[in-house]
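# Notes for the structure review
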Amino acid sequence: MVHIVTAGQRYLGDHSLKAFEEKLDRPRFRRVHRGTIINTDHIRKISPLSSKRWLLKMSNGFEAVVSKRLASSIREHDRW
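Residues numbered from 1 in each chain as written. Predicted model: local features only at pLDDT ≥ 70, side-chain atom pairs only at ≥ 80, totals over all residues. Heavy atoms only, no water.

## Quick look at the overall build of the chain
Looking only at helices and strands, one finds two helices and seven strands in the chain. Along the chain direction, N to C, the helices and strands of the chain fall in the order β-β-α-β-β-β-β-β-α. Against the compact-globule benchmark of 12 Å for 80 residues, the chain has a radius of gyration of 12 Å, which places it among compact chains. Once the C-alpha set of the chain is aligned to its principal axes, its extents read approximately 35 × 25 × 20 Å. Residues counted as buried form 30% of the 80 residues belonging to the chain. Long-range contacts, defined here as pairs at least 24 residues apart, represent 29% of the contacts in the chain between residues at least 6 apart. Split by element, the accessible area of the chain, about 5700 Å² in all, is 49% carbon and sulfur. Between the mean site of the 17 positive side-chain charges and the mean site of the 8 negative ones, the chain shows a separation of 8 Å. (Helix = DSSP H or I, 4+ residues; strand = E, 2+ residues; numbered from the N terminus. Rg over C-alpha atoms; globule rule 2.2 N^0.38 Å. Buried < 20%, exposed > 50% of the residue type's maximum accessible area, 1.4 Å probe, protein only. Contact = heavy atoms within 4.5 Å. Areas by Shrake-Rupley, 256 points an atom, 1.4 Å probe, with all protein chains shown as cover. Lys, Arg positive; Asp, Glu negative; His and termini not counted. Charge placed at Lys NZ, Arg CZ, Asp CG, Glu CD.)

## Focus: the nonpolar core
In summary, soluble globular proteins display a tendency toward joint burial of nonpolar side chains. In terms of nonpolar packing, the biggest core is built from 10 residues, these being Val-32, Ile-38, Ile-43, Trp-54, Leu-56, Met-58, Ala-64, Val-66, Ala-71 and Ile-74. Listing elements by their share of this core, those giving two or more residues are strand S6 (54–58), strand S7 (63–66) and helix H2 (71–75). For this core, the element with the highest residue contribution is S6, accounting for three residues. (Core = buried A, V, L, I, M, F, W, Y, C linked by side-chain atoms within 4.5 Å.)

## Description of the environment of Val-32
Topologically, Val-32 is positioned in strand S3 (residues 29–33). Considering only alpha carbons, one finds Val-32 and Ser-72, 40 residues apart in sequence, at a separation of 9.0 Å. With residues near it in sequence (within four places) discarded, Val-32 still touches Ile-38, Leu-56, Ala-64, Val-65, Val-66, Ser-67, Leu-70 and Ile-74.

## With respect to the environment of Asn-39
Along the chain, Asn-39 turns up in strand S4 (residues 36–39). C-alpha of Asn-39 to C-alpha of Asp-25: the two residues are 14 residues apart in sequence and 9.3 Å apart in space. Separated by 2.9 Å, the side chain of Asn-39 and the backbone nitrogen of Asp-41 make a polar contact. (Polar contact = N/O pair within 3.5 Å; in protein donor to acceptor, adjacent residues only side chain to side chain.)

## Focus on the pairing of S3
In terms of strand pairing, S3 meets S4 through four bridges, oriented antiparallel. Looking at S4, one finds that His-33 is bridged to Thr-36. Where S3 hands over to S4, the hairpin turn is made up of two residues, counted between the paired strands. (Pairing = 2+ DSSP bridges.)

## Some points on the environment of Arg-28
Looking at the element boundaries, Arg-28 is found in the loop between helix H1 (17–23) and S3. Considered as a pair, Arg-28 and Thr-40 are 12 residues apart in the sequence and their alpha carbons are 5.4 Å apart. The residues contacting Arg-28, other than those within four sequence positions of it, are Ile-38, Asn-39, Thr-40 and Asp-41. Side chain to side chain, Arg-28 and Asp-41 meet in a polar contact 2.8 Å long.

Keep in mind these values describe shape, not function.
Structural data, given as structure tokens:
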């Protein structure tokens, strides 16, 4: 089961995160942790937690930690 968080609601999805990831538009949607995919259009602030981990603050108030392994997926995005 997957939790989907939007600007105004929370939903439960029946598919795996991998299944959602395969259907979402890349590069707009990026996996930033093994359990988190974000919409890069809604990143409002990036703060360093360590030399290779970041904290993302999203427009809806959600905060996500970018794992060391997936940090490059955010750095690849042309805005950052």
